[in-house]
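# Structural overview
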Amino acid sequence: MSETVDLSVDVAGVSLANPLMTASGTCGYADEYADFVDLTQLGAFVTKSVTLKPRAGNEYPRVVETRAGMVNSIGLANVGLEAFLAEKVPLLERLGVPVFVSIAGSGIADYVAVAGRLEGVDVVRGVEANISCPNVKEGGIQFGTDVRQVSRITQALKRVCRKNILIVKLSPNVTDVAAIARAAVDAGAEALSLVNTFTAMVVDTDTRAPVLASGRGGLSGPAIRPIAVYMVHRVYTEVARGAGVPIIGMGGIQFARDAIEFLLAGATALAVGTALFVDPGCLLEIRDGLAEYLRRGGHRSLREIIGSLQAAP
Ligand SMILES: Cc1cc2nc3c(=O)[nH]c(=O)nc-3n(C[C@H](O)[C@H](O)[C@H](O)COP(=O)(O)O)c2cc1C
């Protein structure tokens, strides 16, 4: 009988049985994948981003596969806060794992309104602010690419998040991800998620037009993993480690060794998105692969390897 290893981690006071969670937007509200993967075995479940009002999202086509990933421009299609509370929360309550609700909006007031209502929902343990979506009200830039905006939205959310932990999800479409992370942490973020998708375009050479109706989208999947690992490591060493703020690392995780890269680089927890479209069962395979890696290395706890990256030989 092989020795048991402790896979549990702590994300800003929320205890997870293992570090694995769903990446926002890739697993709906737990109803879509329930037949394919035992979600009760996850460390936590992260929902599709929820906005104050329902959103139909962008025109089709809004997803295209690439050689090593996919580009999506779903455009935050979601049921809206009221339907989420009435129809989706009862499903999430049955999971028995901590739930983090991804929230989005077109202005700070939207985010604050959604986060405020989620304070009253027991099963919700945290909100993950998706600040990588266009901020239409304030000039069409993304919140997540401007340090002042990141600071403002984080401060505003921090005022309403009391029961729920405040996770800020960073955009990778910036020149200095550590500066953005610093702004979020200084303004009260209790955990950081990174990365969201990389802005990208796929061209149909026959029509000579972009494949996606909206012209561009966000690249995810194996292609982005090395950049995501680099960004996690930078944020860990320059901001998060010193501040004691956990990182939820993501971007192209499909196998246990991918997950281990992120842990060594400084992530405390891990989210899997695009790989679920290939193999929904990969989440549990990754979990078992992590345990095996730790056993082989003589570790008793996953926490021993977080941020333990060595200097290059
Ligand atoms: C189809 C699709 C929808 C997504 N929707 C959201 C979303 O609603 N909110 C969000 O914060 N991120 C969203 N993301 C980004 C993922 O949560 C994740 O940050 C990104 O895809 C990188 O992880 P991956 O390579 O494992 O997919 C979406 C990604 C995909 C592929």
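The structure reproduced in this document is the subject of the present report. Bear in mind the structure is a predicted one, so any value in this text is a computation, not a measurement. (Residues numbered from 1 in each chain as written. Predicted model: local features only at pLDDT ≥ 70, side-chain atom pairs only at ≥ 80, totals over all residues. Heavy atoms only, no water.)

This part covers the side chain of Thr 51. Among the secondary structure elements, Thr 51 is positioned in the loop between strand S4 (45-46) and strand S5 (63-66). By relative accessible area, which is 6% here, Thr 51 ends up buried. A polar atom in the side chain of Thr 51 sits 2.7 Å from the backbone oxygen of Lys 53. In terms of polar contacts, Thr 51 uses its side chain to reach the side chain of Asn 78, at 2.8 Å. (Helix = DSSP H or I, 4+ residues; strand = E, 2+ residues; numbered from the N terminus. Buried < 20%, exposed > 50% of the residue type's maximum accessible area, 1.4 Å probe, protein only. Polar contact = N/O pair within 3.5 Å; in protein donor to acceptor, adjacent residues only side chain to side chain.)

Burial analysis of strand S8 (residues 124-130) places six of its seven residues in the buried class, which makes it a mostly covered element. Note: strand S7 (residues 99-103) against S8, five bridges, orientation parallel. Bridged to Ile 103 within S8 is Ala 129. With respect to chirality, the unit in which S7 leads through helix H2 (residues 108-118) into the neighbouring parallel S8 is right-handed. Where S8 and strand S9 (residues 165-169) come together, five bridges link them in parallel fashion. Each residue of the ladder has a partner; that of Ala 129, found in S9, is Val 168. (Pairing = 2+ DSSP bridges. Right-handed = clockwise from strand over helix to strand, strands pointing away.)

The environment of the ligand is made up of 22 residues, and the closest members are Ser 24, Ser 49, Lys 169, Gly 252 and Thr 274. Measuring from an oxygen atom of the ligand, one finds a backbone N or O atom of Val 195 at 2.9 Å. The backbone of Gly 221 places a nitrogen or oxygen atom 2.8 Å from an oxygen atom of the ligand. Notes on the ligand: free accessible area 600 Å², of which the protein chains cover 96%. Tallied by class, residues from the shell around the ligand come to five nonpolar, 15 polar and two charged. (Near = heavy atom within 4 Å. Areas by Shrake-Rupley, 256 points an atom, 1.4 Å probe, with all protein chains shown as cover. Nonpolar A, V, L, I, M, F, W, Y, C, P; charged D, E, K, R; others polar.)

Formed by 112 residues in total, the largest nonpolar core has its most connected members in Ile 103, Leu 118, Leu 192, Leu 194 and Leu 290. Counting residues per element, this core draws most heavily on helix H5 (residues 225-243), at eight residues. Not counting chain neighbours up to four residues away, the residues in contact with Leu 118 comprise Phe 84, Leu 85, Val 101, Ile 103, Val 124, Val 127, Lys 163 and Asn 164. (Core = buried A, V, L, I, M, F, W, Y, C linked by side-chain atoms within 4.5 Å. Contact = heavy atoms within 4.5 Å.)

Along the polypeptide, Val 229 turns up in helix H5. Separated by 71 residues in sequence, Val 229 and Arg 300 place their C-alpha atoms 24 Å apart. Setting aside its immediate chain neighbours within four residues, Val 229 contacts Glu 261, Phe 262 and Ala 265.

Looking now at the layout of surface pockets. Volume-wise, the second largest pocket comes out at about 180 Å³. As for the second largest pocket, its lining consists of Glu 65, Thr 66, Arg 67, Ala 68, Gly 69, Met 70, Pro 222, Gln 254, Thr 274, Ala 275, Phe 277 and Val 278. Listing elements by their share of the lining of the second largest pocket, those giving two or more residues are S5, strand S6 (69-72) and helix H7 (275-278). Looking at the lining of the second largest pocket, the element that brings in the most residues is H7, giving three residues. The class makeup of the residues in the lining of the second largest pocket is six nonpolar, four polar and two charged. (1 Å grid on protein atoms, 1.4 Å probe; cavity = no way out; pocket = protein on both sides within 12 Å on 5 of 7 lines; lining within 4 Å. Points joined across faces, edges and corners; volume = space filled by probe spheres on them.)

Let us now look at helix H1 (residues 81-95). The terminal C-alpha atoms of H1 lie 20 Å apart, and with 15 residues this matches the ideal 21 Å at 1.5 Å per residue to within 8%. At Lys 88, H1 is deflected by roughly 45°, the largest bend along its length, and proline Pro 90 occurs up to four residues later in sequence. Along H1, the residues classified as buried are Leu 81, Ala 83, Phe 84, Leu 85, Lys 88, Val 89, Leu 92 and Leu 95. Buried residues belonging to H1 abut S4, S7 and H2. Just past H1, the residue Gly 96 takes up positive phi, approximately 75°. (Expected span 1.5 Å × (residues − 1). Bend = angle between axes of the 7 residues up to and from the residue.)

Overall, the coordinates contain two aromatic pairs when judged by the stated rule. When the centroid spacing of 5.7 Å and the interplanar angle of 50° are considered together, the rings of Tyr 29 and Phe 84 count as tilted. You can see Tyr 29 sitting in the loop between strand S3 (20-22) and S4 and its partner Phe 84 sitting in helix H1, a full 55 residues away along the chain. Judged on exposure class, the residue Tyr 29 and its partner Phe 84 are both buried. Their ring planes at 85° and their centres at 5.4 Å tell us that Tyr 111 and Phe 143 sit as a pair that is edge-to-face. In this pair, Tyr 111 is assigned in helix H2 and Phe 143 in the loop between S8 and helix H3 (147-160), connecting sequence segments 32 residues apart. The buried category is assigned to Tyr 111, whose relative accessible area is 0%. (Phe/Tyr/Trp six-rings, centres within 6.5 Å; stacked < 30°, edge-to-face > 60°.)

This part covers unusual backbone geometry. The omega angle of the peptide bond from Tyr 60 to Pro 61 is -5°, so this bond is cis rather than trans. For Pro 61, the position within the fold is in the loop between S4 and S5. Leu 194 connects to Val 195 through a cis peptide bond whose omega is 15°. Positionally, Val 195 belongs in the loop between strand S10 (191-194) and strand S11 (198-200). Here Ala 30, not a glycine, exhibits a phi torsion of approximately 85°, which is positive. Its relative accessible area of 5% is what places Ala 30 among the buried residues. With phi around 60°, Arg 208 is a residue other than glycine that occupies positive phi space. Inspection of the secondary structure assignment puts Arg 208 in the loop between strand S12 (203-204) and strand S13 (209-210).

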